[in-house]
Structure formats: structure tokens, C-alpha cells
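Each chain, letter by letter, is given below.
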Protein chains: 2
Amino acid sequence: MTDKKEKILRAALELFAEEGFKSTSTNKIAKKAGVSEGLIFRHFGNKDGLLQAIIQEGEEQAKVLFADIVMESDPKKLIEKYFGLTDKLLDNPEMANFWKLQYKIKWELEIYGEHKMEPLELALTNAFKKLGYKKPDLEARLLLINMDGMATRYYLQEGFNVKEMVEYFRNKYKQ
Amino acid sequence: MTDKKEKILRAALELFAEEGFKSTSTNKIAKKAGVSEGLIFRHFGNKDGLLQAIIQEGEEQAKVLFADIVMESDPKKLIEKYFGLTDKLLDNPEMANFWKLQYKIKWELEIYGEHKMEPLELALTNAFKKLGYKKPDLEARLLLINMDGMATRYYLQEGFNVKEMVEYFRNKYKQ
DNA sequence: CCTAATTACGTGAGTACTTACTTACTATAA
DNA sequence: TTATAGTAAGTAAGTACTCACGTAATTAGG
């Protein structure tokens with residue numbers, strides 16, 4: 001991975017997350033990265049290849065992020081760790097940018113990409129089963145759906161207090 | 001409102017909801033509506049004016065939709081009516097299209113437009129207060145956040161079973 | 001170890017096509 | 001007769017992508 005190739009990736013991630021995939025021109029990406037426009041196509045083939053490269057890189061990040069949660073065997077601790085995700089995401093600006101991009105392109109290209117979340121959903125389902133929930137799969141999905149909603153607010157509603165909301169929701173699973 | 005003007009509005013709503021605002025060309029709208037491209041600009045000034053017209057029309061629809069819920073004085077019934085929203089939205093395809101557009105442009109243009117939901121949030125807050133909830137405002141917001149999450153899944157995740165999820169969530173507020 | 005050949009990296013100026021929007025014009029109705 | 005509704009054919013400014021051309025790095029052979 002050359003220096004300029006990485007600069008393209010970083011510039012594209014930022015611009016895609018800010019302005020969307022289709023609305024971001026390759027010209028703009030090249031200017032932000034400080035390279036010639038042609039270099040983008042040399043390295044990634046076409047604009048879509050660039051997007052795929054960004055997505056793939058992010059998926060690997062996500063796996064690392066989820067690993068610690070999924071491995072937890074104590075159900076209560078697992079749920080606690082799940083709620084801890086938010087803080088991790090908020091503290092790392094590059095990670096936050098990547099997740100913003102994820103949601104943006106979800107809506108722009110209308111693909112949900114559930115496989116990314118599947119291990120997390122399964123782990124949560126198992127935890128709720130151990131805790132005696134009658135419908136552990138639905139309870140797990142409810143948590144993830146709530147996460148989607150939180151993300152919508154966090155990224156789009158100015159002044160939305162995530163931490164307060166997460167704290168309130170988390171408390172429902174504490175006792 | 002002339003016949004052709006309305007055809008433009010309908011075509012634009014559909015295309016914006018399907019492909020997004022920026023990605024839909026005025027040329028395409030004109031072809032779908034069966035009018036000349038220039039007529040769009042005669043009636044709406046520019047592409048943004050067309051979007052505004054669609055949004056405004058939809059906001060009026062939303063007010064009508066929420067009115068029945070907001071007016072309800074019995075807290076339990078109010079919450080029940082809130083959960084009934086889903087069925088109403090799913091049964092009316094034009095309404096479904098409008099809400100899809102709402103979420104799409106939220107992410108595309110990064111504006112949340114909370115004022116539209118405010119009366120609903122206030123009404124729910126009041127209902128939870130009457131029912132003795134310690135933090136009725138947060139509980140109300142939780143419901144709306146959940147709705148955002150459900151919408152994300154419903155519109156983007158193929159094969160997502162909304163009714164089952166809504167039913168499960170609704171049951172938490174029944175007793 | 002030096003040189004020659006090959007590959008990978010990088011650019012600037014082009015390509016054909018699409019974009020939102022304009023203009024000059026006609027038909028229709030009040 | 002005057003405003004309104006409607007059109008066809010433009011326009012300049014993008015758009016993703018290509019191409020001919022260099023230069024730097026890597027490898028191969030004597």
C-alpha cells in the first residue's frame with residue numbers, strides 16, 4: 001500500500017461519509033487526496049472498486065470490534081459489553097466516520113448488509129436464552145434495531161444526547 | 001394545480017424515494033411524468049423547489065396521520081394507537097413511499113427534521129407521565145428511536161418481518 | 001556488482017456523455 | 001389581449017473514465 005493510495009482511501013472515506021457515494025466526484029476525491037484523478041482508476045479500477053475497498057477495510061475493523069463481545073460467555077457481561085460499544089464508537093473519530101458511511105450507503109444503495117451484524121445478533125440471542133427470555137431471538141433483534149435508531153439520531157439530529165439514551169436503555173437490562 | 005404539475009410531483013416522489021434526490025435527473029422525472037423537462041422549472045423554479053413541494057405535501061399528510069393519536073387522552077389507548085401507526089403506513093403504498101423518501105433524504109442531506117415528530121413525542125411523554133414512568137421523556141424518545149430503527153430495517157433489509165417485531169415490542173407496554 | 005529490462009506508480013490532457021437550467025417560441029384560456 | 005401552460009432545442013459545467021506519456025523501483029543476467 002503506497003502513500004498516495006492510502007491518501008485516496010482516507011479522502012474517499014471522509015467525502016463519501018459526508019456527501020454520499022454518488023454525489024462525490026472522483027475529481028473531488030483526487031483534489032482532497034492531492035493526487036491526479038487518473039491514479040484512482042489505476043489503483044481501484046473504477047469508482048465502485050474504491051467503495052468496495054473502503055467497505056472491506058471497515059468490515060475487518062468491525063470484526064475486531066465485535067470479537068471481544070462475541071467471545072464473552074457470561075450473558076450479563078455480554079449484554080453489558082454490547083452497550084459499551086457506543087462509547088468505543090464515539091471515542092474513535094475514524095470509526096465513527098466509517099459507521100456513518102455504512103448507514104449512508106445503506107440508504108443510498110438500499111442494501112442492508114446484515115451479515116456484518118449476524119455474529120453479534122447470534123451472541124445476543126444466546127445470552128438472552130441463557131437468561132431465560134421466552135423469545136431470545138426477538139429480544140436480540142430489538143437491541144440491534146434500537147442501535148439502528150440511535151445511529152439515525154446520532155448522525156442526523158443535531159444535539160442528540162446519545163449517552164443519556166444508551167444509559168436509559170441499558171438500565172432496562174441491568175437487574 | 002394542473003394535471004401535468006401533479007404528474008411531475010408523483011413521478012418525482014417515486015423516483016426520489018427509489019433512487020435518491022441527487023441521483024435522480026430532471027430529465028428522468030420529465031420522461032416518467034410524460035412532460036417536457038422545461039415544465040419542471042416553470043412550475044418549481046429549480047430541482048430543490050420540486051423537493052420542497054414534495055416535502056411540504058408530505059408534512060401535511062403526516063399531521064393528519066398523527067392527529068388522531070395526539071388527541072387521545074387515555075394514556076394506554078394513546079400508546080396503543082402509536083403502535084397502530086405501523087399498520088396504517090404499511091397498508092398505504094403512497095404513504096410508505098413518502099416515508100421512505102423522508103428517511104432517504106434525511107441521510108442524503110443530513111437533516112433530521114425533528115419538528116415533524118415533536119407533537120407525537122410530546123403526546124407520548126405525557127402519556128408515560130400519567131402512567132407513572134420516572135423518565136417519561138426518555139421513554140417516549142425510546143419509542144421514536146425504535147421506530148427509526150424499524151424503518152431502517154423495513155426499507156433496507158429484505159425479508160424483515162416488521163409486524164412480528166412491532167408486536168413483540170408493543171407487548172412490553174401492554175400490562 | 002553493474003547494467004539492462006520489466007514492472008509498478010503517477011500525471012495531464014483528453015473522451016463521450018450527462019447534468020441542471022435557459023431561451024425563444026407556440027397554444028390556450030380568462 | 002394578456003397572463004398562464006407547455007415545448008424543443010439549446011447551453012456551460014460537470015461526470016466517470018481513458019490514454020499516451022513519463023519516472024521510480026524491482027528484478028534478472030553476465
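Residues numbered from 1 in each chain as written. Chains lettered and ligands numbered in written order. Predicted model: local features only at pLDDT ≥ 70, side-chain atom pairs only at ≥ 80, totals over all residues. Heavy atoms only, no water.

Colleague: Any details on the layout of surface pockets? Residues and values, ideally.
Modeller: Volume-wise, the largest pocket comes out at about 230 Å³. Forming the walls of the largest pocket are 16 residues, and the residues nearest its centre are A:Ile55, A:Gln102, A:Ile105, A:Ile111 and A:Lys116. For the lining of the largest pocket, the secondary-structure elements that each account for two or more residues are helix 4 (47-71) and helix 6 (93-109) of chain A. In terms of residue class, the lining of the largest pocket is made up of 8 nonpolar, 4 polar and 4 charged. Size it by volume and the second largest pocket reaches roughly 180 Å³. In terms of lining residues, the second largest pocket is bounded by A:Tyr133, A:Glu139, A:Leu142, A:Phe169, A:Lys172, A:Tyr173, B:Tyr133, B:Glu139, B:Leu142, B:Phe169, B:Lys172 and B:Tyr173. Going through the elements one at a time, helix 8 (136-156) of chain A together with helix 8 (136-156) of chain B are the ones with two or more residues in the lining of the second largest pocket. Here the residues of the lining of the second largest pocket sort into 8 nonpolar, no polar and 4 charged. (1 Å grid on protein atoms, 1.4 Å probe; cavity = no way out; pocket = protein on both sides within 12 Å on 5 of 7 lines; lining within 4 Å. Points joined across faces, edges and corners; volume = space filled by probe spheres on them. Helix = DSSP H or I, 4+ residues; strand = E, 2+ residues; numbered from the N terminus. Nonpolar A, V, L, I, M, F, W, Y, C, P; charged D, E, K, R; others polar.)

Colleague: Tell me what's going on with the protein's contact with DNA strand C, and back it up with residues and numbers.
Modeller: In the region of DNA strand C, 15 residues are neighbours, and A:Lys4, A:Ser36, A:Arg42, B:Thr26 and B:Lys47 sit closest. Sugar plus phosphate, as a fraction of atoms of DNA strand C within 4 Å of the protein: 56%. Within the backbone of A:Ser36, one N or O atom sits 3.0 Å away from a phosphate oxygen of DNA strand C. One of the side-chain N or O atoms of A:Arg42 is found 2.5 Å from a base oxygen in DNA strand C. Elements represented by at least two residues in the surface near DNA strand C include exactly helix 3 (37-44) of chain A together with helix 3 (37-44) of chain B. Across the surface near DNA strand C, the residue classes break down as 3 nonpolar, 8 polar and 4 charged. (Near = heavy atom within 4 Å. Polar contact = N/O pair within 3.5 Å; in protein donor to acceptor, adjacent residues only side chain to side chain.)

Colleague: Describe the packing of helix 5 (residues 75-91) of chain B against helix 8 of chain B, naming the residues involved and giving the relevant values.
Modeller: All names here are of chain B. Relative to each other, helix 5 and helix 8 sit at 25 degrees, their axes nearing to 12 Å. Overall, the two elements helix 5 and helix 8 adopt an arrangement that is roughly parallel. Crossing of helix 5 against helix 8: the hand is right-handed. Across from Tyr 82, Phe 83, Leu 85, Leu 89 and Leu 90 in helix 5, the residues of helix 8 making contact are Leu 143, Leu 144, Met 147 and Tyr 154. Its residues placed into classes, the contact of helix 5 with helix 8 shows 9 nonpolar, no polar and no charged. (Axes fitted to C-alpha atoms, helices over the stretch in contact; angles between N-to-C directions. Parallel < 35°, antiparallel > 145°, perpendicular 65-115°, else oblique. Left-handed = near helix turned anticlockwise from the far one by under 90°. Contact = heavy atoms within 4.5 Å.)

Colleague: Can you lay out the protein's contact with DNA strand D for me, pointing to particular residues and giving the numbers?
Modeller: In the region of DNA strand D, 14 residues are neighbours, and A:Thr26, A:Lys47, B:Lys4, B:Ser36 and B:Arg42 sit closest. Looking at DNA strand D alone, sugar and phosphate atoms form 58% of those within 4 Å of the protein. In the model, a base oxygen of DNA strand D is placed 2.6 Å from a nitrogen or oxygen of the B:Arg42 side chain. Of all the secondary-structure elements, those providing two or more residues to the surface near DNA strand D are helix 3 of chain A together with helix 3 of chain B.

Colleague: Give a detailed account of the side chain of A:Lys116, specifying residues and quantitative values.
Modeller: Residue and element names in this part refer to chain A. With respect to the element layout, Lys 116 can be found in the loop between helix 6 and helix 7 (118-130). At a separation of 2.3 Å, a polar atom in the side chain of Lys 116 contacts the side chain of Gln 102. Discounting chain neighbours no more than four positions away, the residues touching Lys 116 are Glu 59, Phe 66 and Gln 102.

Colleague: I'd like to hear about helix 2 (residues 26-33) of chain B, residue by residue, with values.
Modeller: Residue and element names in this part refer to chain B. Burial in helix 2 covers these residues: Thr 26, Ile 29, Ala 30 and Ala 33. Across the axial projection of helix 2, the buried residues extend over an arc of 100 degrees, all falling on one side. On its buried side, helix 2 packs onto helix 1 (3-19), helix 3 and helix 4 (47-71). (Buried < 20%, exposed > 50% of the residue type's maximum accessible area, 1.4 Å probe, protein only. Arc of directions from axis to C-beta.)

Colleague: Outline the packing of helix 1 of chain B against helix 2 of chain B, supporting the account with residue identities and numerical values.
Modeller: Residues and elements named next belong to chain B. Two elements in contact, helix 1 and helix 2, have axes whose closest approach is 8 Å; the angle formed by their N-to-C orientations is 125 degrees. Here helix 1 is positioned oblique relative to helix 2, judged by the angle of their axes. Considering only the axes of helix 1 and helix 2, their crossing is right-handed. Contact residues: helix 1 offers Lys 7, Ile 8, Ala 11, Ala 12, Glu 14, Leu 15, Phe 16 and Glu 19, while helix 2 offers Lys 28, Ile 29, Lys 32 and Ala 33. Among the residues forming the contact of helix 1 with helix 2, the class breakdown is 7 nonpolar, no polar and 5 charged.

Colleague: Residue-level account of the interface of chain A and chain B, with values.
Modeller: Bring the parts together and some accessible area is lost; that lost area is often taken as the interface size. Counting residues at the interface gives 41 residues for chain A and 40 residues for chain B. Counting each side, the surface lost to burial between chain A and chain B is near 3,800 Å², with a carbon and sulfur contribution of 64%. For the pair chain A and chain B, the number of links is 8 salt bridges. The residue B:Glu139 makes a salt bridge to A:Lys172 at a minimum N-O spacing of 2.9 Å. Element by element, the count of residues in the side of chain A that touches chain B is highest for helix 8 of chain A, at 15 residues. A breakdown of the residues in the side of chain A that touches chain B according to their chemical character gives 19 nonpolar, 5 polar and 17 charged. (Buried area = accessible area lost by both parts, 1.4 Å probe. Salt bridge = Lys/Arg side-chain N within 4 Å of Asp/Glu carboxyl O.)

Colleague: I'd love a proper account of the relation of the copies chain A and chain B, names of residues and values included.
Modeller: Each copy of the sequence occupies a distinct position, and chain A is placed on chain B by a rotation of 180 degrees and an axial shift of 0.0 Å, giving an RMSD of 0.1 Å. Those values place the two copies in the arrangement expected of a two-fold rotation axis. Considering only C-alpha atoms, the part of chain A nearest the rotation axis is A:Gly149, at 2.0 Å. The residues that chain A uses at the interface reappear at the interface of chain B in 98% of cases, marking a shared surface. (Least-squares fit on C-alpha atoms with pLDDT ≥ 70 in both.)

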